[in-house]
Amino acid sequence: MKWFIASDIHGSLKYCREMLRAFHEEKADRMLLLGDILYHGPRNALPDEYAPKEVIALLNSYKNDILCVRGNCDTEVDQMVLEFPILADYAILTEKEKMIFATHGHRFHEKQLPPLHKGDILLNGHTHISACREYEDYVYMNPGSVSIPKENTPHAYMTMENGLFLWKDFEGNIFYTYQI
């Protein structure tokens, strides 16, 4: 199975379209969204083409393809308009006998770890900074932000297939790789 992994759309119609275009080009089987779907949050500037109602319509048309975890900007009101579950604090995936703990990153992150075994993967968004770091006991991964990247990182997403993780910008350029 090929996973398409993205985070922090923040209501940007422009980058939601870019993300869905990339999802199709990747020919991914499923999409994992790591939260902050509709609202931009009080600390962020409005993203390009901020249009949460249009983002709702686009994402709802993919409701059977999306697995999502709750971001710090996601609320019960958002769940009332989105037709796929968004309120789980985390999701567990497995790949080649490794657990992938997928979460937004505002509760569990590099300084506040969830329960992990040696070699497991902590996958989150929230920081808007793409990352791949190996620690002694776990691997940390972050796709960055679809709409509001920070610290000179690109508008980005990840894919995961057969133990290979790829970080890409929307032009298809790979800038990180990790193989289990």
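Residues numbered from 1 in each chain as written. Predicted model: local features only at pLDDT ≥ 70, side-chain atom pairs only at ≥ 80, totals over all residues. Heavy atoms only, no water.

## A closer look at the pairing of strand β10 (residues 164-169)
Then comes step 1: In terms of residue burial, β10 counts as a mostly covered element, since five of its six residues are buried.
Then comes step 2: Inspection of the sheet shows strand β9 (residues 156-161) paired to β10 by six bridges, in the antiparallel sense. Looking at β10, one finds that Glu161 is bridged to Leu164.
Then comes step 3: Hairpin connection from β9 to β10: two residues lie between these consecutive antiparallel strands, with Asn162 at a positive phi of about 50°.
Then comes step 4: When β10 meets strand β11 (residues 174-179), the two strands line up antiparallel, connected through five bridges. Bridged to Phe165 within β11 is Tyr178.
Then comes step 5: Connecting the antiparallel pair β10 and β11 is a turn made up of four residues, with Gly172 showing a positive phi of about 90°. (Buried < 20%, exposed > 50% of the residue type's maximum accessible area, 1.4 Å probe, protein only. Helix = DSSP H or I, 4+ residues; strand = E, 2+ residues; numbered from the N terminus. Pairing = 2+ DSSP bridges.)

## A few points about the pattern of salt bridges
Then comes step 1: A full pass over the atoms with the stated rule returns 10 salt bridges.
Then comes step 2: Residue Glu110 pairs with Arg133 through a salt bridge whose shortest N-O separation is 2.8 Å. On the criterion of sequence distance, the pair formed by Glu110 in the loop between β5 (98-103) and β6 (120-124) and Arg133 in strand β7 (residues 131-134) is long-range, its members being 23 residues apart.
Then comes step 3: Taking relative accessible area as the criterion, Arg133 reaches 36% and is therefore assigned partly exposed.
Then comes step 4: For Lys118, the salt bridge is made with Asp137, and the minimal N-O distance between the two is 3.4 Å. Here the residue Lys118 occupies a position in the loop between β5 and β6, and Asp137 occupies one in the loop between β7 and β8 (138-142), the gap between them amounting to 19 residues.
Then comes step 5: Taking the relative accessible area as the measure of exposure, Lys118 reaches 58% and is therefore exposed.
Then comes step 6: Each member of the salt-bridge network shares a partner with another, and the members are Lys2, Glu26 and Lys168. (Salt bridge = Lys/Arg side-chain N within 4 Å of Asp/Glu carboxyl O.)

## Focus: the sheet that holds β5
One key point about sheets: their strands pair by backbone hydrogen bonds, in either a parallel or an antiparallel sense.
Then comes step 1: Taking strand neighbours across the sheet as the criterion, the five strands line up as β4-β5-β6-β8-β7 in an open arrangement whose pairing is mixed. Whereas interior strands pair on both sides, the edge strands pair on one side only; in this sheet they are β4 (90-95) and β7. The mean inter-strand angle of the sheet, taken between neighbouring strand axes irrespective of direction, is 20°.
Then comes step 2: Here four bridges tie β6 to β8, and the two strands are oriented parallel to one another. The residue bridging Leu122 from the neighbouring strand is Tyr140, located in β8. (Axes fitted to C-alpha atoms, helices over the stretch in contact; angles between N-to-C directions.)

## Quick notes on unusual backbone geometry
Negative phi values dominate among residues other than glycine, just as trans dominates among peptide bonds.
Then comes step 1: Of note in this structure, His126 is not a glycine but carries a positive phi near 75°.
Then comes step 2: Here His126 is to be found in the loop between β6 and β7.
Then comes step 3: One non-glycine residue, His128, lies in positive phi territory at about 70°.
Then comes step 4: Take His128: it is sitting in the loop between β6 and β7.
Then comes step 5: Since its relative accessible area comes to 2%, His128 is described here as buried.

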